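Breakdown of the fold
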Amino acid sequence: MNEQIVARHWLALIAPKAAPALATSTVLILARIWNANGAEHSIGNAVLMAALSLAAGAAGAFAAMGPGGDRVITGTAFAASGALALTGVAGYSDGLSLPILLWLLATVAAYGLAARTWRTERRDTTAYERHTTVRREEHAHIERVEALKAGAQIESARAGAAYAEQLATALITRAALPGFNPQTLTDAGLPQLPATDRDAV
């Protein structure tokens, strides 16, 4: 069984690995744009971002404590909380050292969390590929065995047909000989031909 090989574009391969850095960099850039447009040393804006960050963190904690604990919602809520906190600090502060430090910490944390997800996905993909390979090999083995059985049955049928043809030819040839008497064969202890076969001969 041949499978079609699809070559993925290099952007499709590198995009998941670059997503955490792109996300934190986008937040930092937007926060600095917001800083240049009036958020610098703005207490109201800082309080707003702190409140939103705390609300997102509380939502993540609530989702984690709920029945079943949805990991996707929890991770999204905590990521939003961190992004809002980074935005608030980067928008409020007047220098770049603290925002860049927070950006670096957020990027490292994002890659740490993403690495666990990538490792789990890679493990699941490997297990699925192994299971698929084993199942494909089992099906191929069954197909080979059935093909051998069918070939043996065909050869047996061919041999039987050839034997029947040779027997019929021998009977016809013997019946054509002068002085042939089927009763003599019967008297000699040979099995008697069925009436239909004798009539056919």
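Residues numbered from 1 in each chain as written. Predicted model: local features only at pLDDT ≥ 70, side-chain atom pairs only at ≥ 80, totals over all residues. Heavy atoms only, no water.

This part covers the overall build of the protein. A tally of regular secondary structure across the protein gives six helices and zero strands. Starting at the N terminus and walking to the C terminus, you meet the elements of the protein as α-α-α-α-α-α. Per-residue burial over the protein gives 15% buried out of 201 residues. Across the protein, every contact between residues at least 6 apart in sequence was considered, and the portion connecting residues at least 24 apart equals 66%. In the structure as shown, the protein presents an accessible area of about 15,000 Å², 66% of it carried by carbon and sulfur atoms. (Helix = DSSP H or I, 4+ residues; strand = E, 2+ residues; numbered from the N terminus. Buried < 20%, exposed > 50% of the residue type's maximum accessible area, 1.4 Å probe, protein only. Contact = heavy atoms within 4.5 Å. Areas by Shrake-Rupley, 256 points an atom, 1.4 Å probe, with all protein chains shown as cover.)

A rise of 1.5 Å per residue sets the reference length of helix α3 (residues 71-92), with its 22 residues, at 32 Å; its end C-alpha atoms lie 31 Å apart and thus fit the reference within 8%. For α3, the set of buried residues is T74, A77, S81, L86, T87, G88, A90 and G91. (Expected span 1.5 Å × (residues − 1).)

Here we come to the packing of α3 against helix α4 (residues 97-176). At their nearest, the axes of α3 and α4 sit 9 Å apart, and the two run at 165° to each other. As summarised for this structure, α3 and α4 are arranged roughly antiparallel, according to the angle between their axes. For α3 against α4, the interelement crossing comes out left-handed. Between α3 and α4, the contacting residues are L86, V89 and A90 on the first element and L98, P99, L102, W103 and A106 on the second. For the contact of α3 with α4, the residue count by class is eight nonpolar, no polar and no charged. (Axes fitted to C-alpha atoms, helices over the stretch in contact; angles between N-to-C directions. Parallel < 35°, antiparallel > 145°, perpendicular 65-115°, else oblique. Left-handed = near helix turned anticlockwise from the far one by under 90°. Nonpolar A, V, L, I, M, F, W, Y, C, P; charged D, E, K, R; others polar.)

On to the packing of aromatic side chains, then. Considering all chains together, one arrives at one aromatic pair under this definition. The aromatic ring of W118 is capped on one face by K17, whose charged end is 4.1 Å from the ring centroid. (Phe/Tyr/Trp six-rings, centres within 6.5 Å; stacked < 30°, edge-to-face > 60°. Lys NZ or Arg CZ within 6 Å of the ring centre and 35° of its normal.)

This part covers a nonpolar patch on the surface. The grouping of I29, L30 and I33 at the surface amounts to a nonpolar patch, some 290 Å² of accessible area in total. Inspection of the secondary structure puts L30 in helix α1 (residues 10-39). Judged by its relative accessible area of 52%, L30 is exposed. (Patch = residues over 30% accessible without salt bridge, like charges linked within 9 Å, V, L, I, M, F, W, Y side chains within 5 Å. Salt bridge = Lys/Arg side-chain N within 4 Å of Asp/Glu carboxyl O.)

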